[in-house]
Amino acid sequence: MSAFVVLIAGLGIPGLLPAFTLARRSPAFIFLAPLVGAAMAAVATELELAIAWSLLLWYVVVAIVVNAVSVAWWIGRGRQQEGSRQSLEWVLLTAAVVGAALVIPLIGLRAQMFGWDAEQIWLTHAMMISGGHRELLSSLQNHSYWSGNPDYPPLVPAAGALAFAFYGLGNLHIAVDMTVLLSACAVGVVATGIATVGSAGRAAAKGGAVAVGAAICVVAFAISGIYGVNGYADLLWAAAAVGAVVWGLVLPRSGSALATAWACAVVASLTKNEGLTTSLVVLAMIAVRYVGATLPLLPDSGGTTATARWVRNGARFAVLLIVPAAPGLAWAALMRLIGLNDRFFSTSSYDESASTRAYATIHGMADHLAVAPVAAAALLVGCCLFRRERKRAGLGNPAWLWLACLASLAIIFYTYVAGSLEIHSWLASSVNRTTIFAQLVLYTELALWPVIALDGTFPARRDQAAVVDVPRRLPATQS
Amino acid sequence: MDAAQASQAASGGPAAPRAGKLLGCAAVCCISAAALGLSIHHGLQDTAAYLGKRSVDLAAANDRQEECIYRAIRSKLPRGAPIYVPDYAHGKEVRANDLATLWAVPQPAPATARWIVSLVRGRECGRLRLKVRPR
């Protein structure tokens, strides 16, 4: 209960206006608000480490600045509207159903489990952050803490430290609860994204979309197993990254979809190192998808030469990639600056050949990807029969989703093969967590096709309006 | 929805779904429902297992032990004490090292420490006791 109060009052309320500015009238903004608050707390931690003072002081500063920017954006926007808007009833109903579905796995919190990483990494880092600039800097550089991966990004411990600021250090378990509740919020963003796919259809598609969105809430925690409820951060980064995939690579291109995808990518990149690498890949894909789209970043000017167009698109790509990646990259740069490196690559390697490591890794990962053939079957049937419906709705090409999944697996594969820990024990202790993103992406693919199929089989009485707020100057095409 | 269906739908007429589409829709829905349903079943079983008496008791005992070690560090050591936790990375000792954060200052080597801190068998915190001795 205490953690829920911190989630609402400490993270949700400061993040509410920025989240509404990003997601507009979409059920996602309710789940996005605490994540935006947590991302602001993580940025505040970066400032605490880089400059001086405490988390609380910087959190207030960052929250005021971000909210002021949101207010300025709303004032500058005036009465201009972006495309069609969701009905309030649908927004509330979807948020309520998704919220109710999330309660089911969260019942596991009653067991009050405290995972190893939750204590050794996240709780310890949260206490370091609570201590202010000097304590944080000296503790991160203290070699006694080397086994706790001091270079890990600050979002999870920042949320824990904020909870300690509310309730003191009397209840250490509150840090675990904060991580689990934030993971639930990230899953909620994924679920509402899936529900949005069917939002413009008839009752069958609308109902189906909300139902599969709710189903994904339970599935995400099922994939994570015990790690979803004992304070590990793997579900949080994975769900946030899948949120970026759904909003940035599946839903039709629009300002609010892009902004929501960026927020999710920022959360993933500030949660774990593998979240940073995965979100960089996803952000690059989103940038490729959006380059050429009519966004108000760099307006089209007639009569440009091929070189000018190339330069303009290059600049667009750079902006679309660097802006959302900046907070995560800033933490990585800070860590290098104070002399910290990724522990998995810094020690001397074991006497294992690359082929031994690769073989063990492939076997270890394959055990957790049993859903891949099923998702491929849904893809095959879906592409054969409902490709045109998907295209007409302005949804992204399914190749983006599969590419994101494969890229993430390639990064994880490389880390295991090139890393320096003994491969079998390393896989045994982590591969079920490092593959959560890939699994959740595949389950998301499985959840999307029924919605598209229902929408295609029982089409709505509508003209060719897109499913969500597609920019009016951009025709809804598959991209 | 093709152009004919679109115009039919827009004009308010019934858009009769073709049999192929209906079959395809049913196939996709079945595949997805089966996969999602199995996973949900698995998740519900997991949650039930976490909430079993043995699991809850274990977690509660672990929680109590954690908070007990945390308090013992703060009652047995002066604030800012330079401590050394031997072999801390290989077992329960790591908890003493990490829970000392914000109170004592763990040292990477005994030479700079004034206290040696270890977790030994006892009854103070579950089946453990925080042992503190000057170096």
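See above for the structure.
Residues numbered from 1 in each chain as written. Chains lettered and ligands numbered in written order. Predicted model: local features only at pLDDT ≥ 70, side-chain atom pairs only at ≥ 80, totals over all residues. Heavy atoms only, no water.

Time to look at the overall build of chain A. The helix and strand tally for chain A stands at 19 helices and zero strands. Taken over C-alpha atoms, the radius of gyration comes to 22 Å for chain A, in line with the 23 Å a tight globule of 479 residues would show. Summarising its shape, the C-alpha atoms of chain A cover approximately 65 × 55 × 55 Å along the three principal directions. By the burial criterion, 62% of the 479 residues in chain A qualify as buried. The long-range share in chain A, meaning contacts at least 24 apart out of those at least 6 apart in sequence, stands at 83%. Of the roughly 17,200 Å² that chain A leaves accessible, carbon and sulfur atoms contribute 67%. Here chain A holds 28 positive side-chain charges and 22 negative ones, and the gap between their average locations is 17 Å. (Helix = DSSP H or I, 4+ residues; strand = E, 2+ residues; numbered from the N terminus. Rg over C-alpha atoms; globule rule 2.2 N^0.38 Å. Buried < 20%, exposed > 50% of the residue type's maximum accessible area, 1.4 Å probe, protein only. Contact = heavy atoms within 4.5 Å. Areas by Shrake-Rupley, 256 points an atom, 1.4 Å probe, with all protein chains shown as cover. Lys, Arg positive; Asp, Glu negative; His and termini not counted. Charge placed at Lys NZ, Arg CZ, Asp CG, Glu CD.)

Take the state of the cysteines next. Simply put, the disulfide is a covalent bond whose two ends are the sulfur atoms of two cysteines. In this structure the tally under the stated criterion is one disulfide over all chains. Here Cys68(B) pairs with Cys125(B) through a disulfide, and the sulfurs are 2.0 Å apart. Taking the sign of the torsion about the S-S bond as the criterion, the disulfide between Cys68(B) and Cys125(B), at about -70 degrees, is left-handed. Pair noted here: Cys68(B) is in helix H3 (residues 53-76) and Cys125(B) is in strand E3 (residues 115-125), with a separation of 57 residues, a long-range link. What makes Cys125(B) buried here is its relative accessible area of 1%. A disulfide-free cysteine, Cys405(A) has its sulfur positioned 15 Å from the sulfur of Cys383(A), the nearest such atom. Its relative accessible area of 3% is what places Cys405(A) among the buried residues. The cysteine Cys29(B) is free of any disulfide, with Cys25(B) supplying the nearest cysteine sulfur at 4.1 Å. (Disulfide = S-S within 2.5 Å.)

This model, assessed by the stated rule, comprises eight cavities of 30 Å³ or more. Looking at the second largest cavity, its volume works out to about 80 Å³. Mapped onto the lining of the second largest cavity, the elements with two or more residues apiece are helix H4 (88-106) and helix H9 (203-224) of chain A together with helix H2 (19-50) of chain B. Here the lining of the second largest cavity is composed, by residue class, of eight nonpolar, four polar and one charged. (1 Å grid on protein atoms, 1.4 Å probe; cavity = no way out; pocket = protein on both sides within 12 Å on 5 of 7 lines; lining within 4 Å. Points joined across faces, edges and corners; volume = space filled by probe spheres on them. Nonpolar A, V, L, I, M, F, W, Y, C, P; charged D, E, K, R; others polar.)

So, on to the interface of chain B and chain A. In this assembly, 50 residues from chain B lie in contact with 63 residues from chain A. Taking both sides of the interface into account, the surface hidden between chain B and chain A amounts to around 4,800 Å²; carbon and sulfur atoms contribute 67%. Our enumeration of links across chain B and chain A arrives at one salt bridge. In this structure, the salt-bridge partner of Lys21(B) is Glu389(A), at a minimum N-O distance of 2.4 Å. The interface formed by chain B and chain A contains eleven residue pairs in polar contact (both at pLDDT 80 or more). At the level of elements, H2, H3, helix H4 (93-99) and strand E2 (105-106) of chain B are the ones that each hand at least two residues to the side of chain B that touches chain A. Looking at the side of chain B that touches chain A, the element that brings in the most residues is H2(B), giving 20 residues. Taken together, the residues of the side of chain B that touches chain A break down into 27 nonpolar, 14 polar and nine charged. (Buried area = accessible area lost by both parts, 1.4 Å probe. Salt bridge = Lys/Arg side-chain N within 4 Å of Asp/Glu carboxyl O. Polar contact = N/O pair within 3.5 Å; in protein donor to acceptor, adjacent residues only side chain to side chain.)

Here we come to unusual backbone geometry. All names here are of chain A. A positive phi is found at Trp53, a non-glycine position, where the angle reads about 65 degrees. Structurally, the position occupied by Trp53 is in the loop between helix H2 (28-50) and helix H3 (55-77). Here Asn149, not a glycine, exhibits a phi torsion of approximately 45 degrees, which is positive. By the element assignment, Asn149 lies in the loop between helix H6 (133-141) and helix H7 (155-167). In this structure Asn149 comes out as buried when scored by relative accessible area, which is 3%.

Turning our attention to the pairing of E3(B). Residue and element names in this part refer to chain B. In terms of strand pairing, strand E1 (residues 82-84) meets E3 through two bridges, oriented parallel. Residue pairing for E3: Tyr84 is matched across the bridge by Ile116. The pairing of E3 with strand E4 (residues 128-134) spans eight bridges and is antiparallel. Residue pairing across strands places Ile116 opposite Arg133, the latter belonging to E4. (Pairing = 2+ DSSP bridges.)

Residues and elements named next belong to chain A. Under the 1.5 Å per step criterion, the end-to-end length of helix H18 (residues 423-434) is only 14 Å for twelve residues, more than 12% shorter than the ideal 16 Å. Along H18, the positions that sit buried rather than exposed are Ile423, Trp426, Leu427, Ser430, Val431, Arg433 and Thr434. Angular distribution of buried residues about the axis of H18 spans 145 degrees; they occupy a single face of the element. For H18, the capping residue at the N-terminal end is Glu422, with a side-chain oxygen 3.2 Å from the backbone nitrogen of His424. (Expected span 1.5 Å × (residues − 1). Arc of directions from axis to C-beta.)

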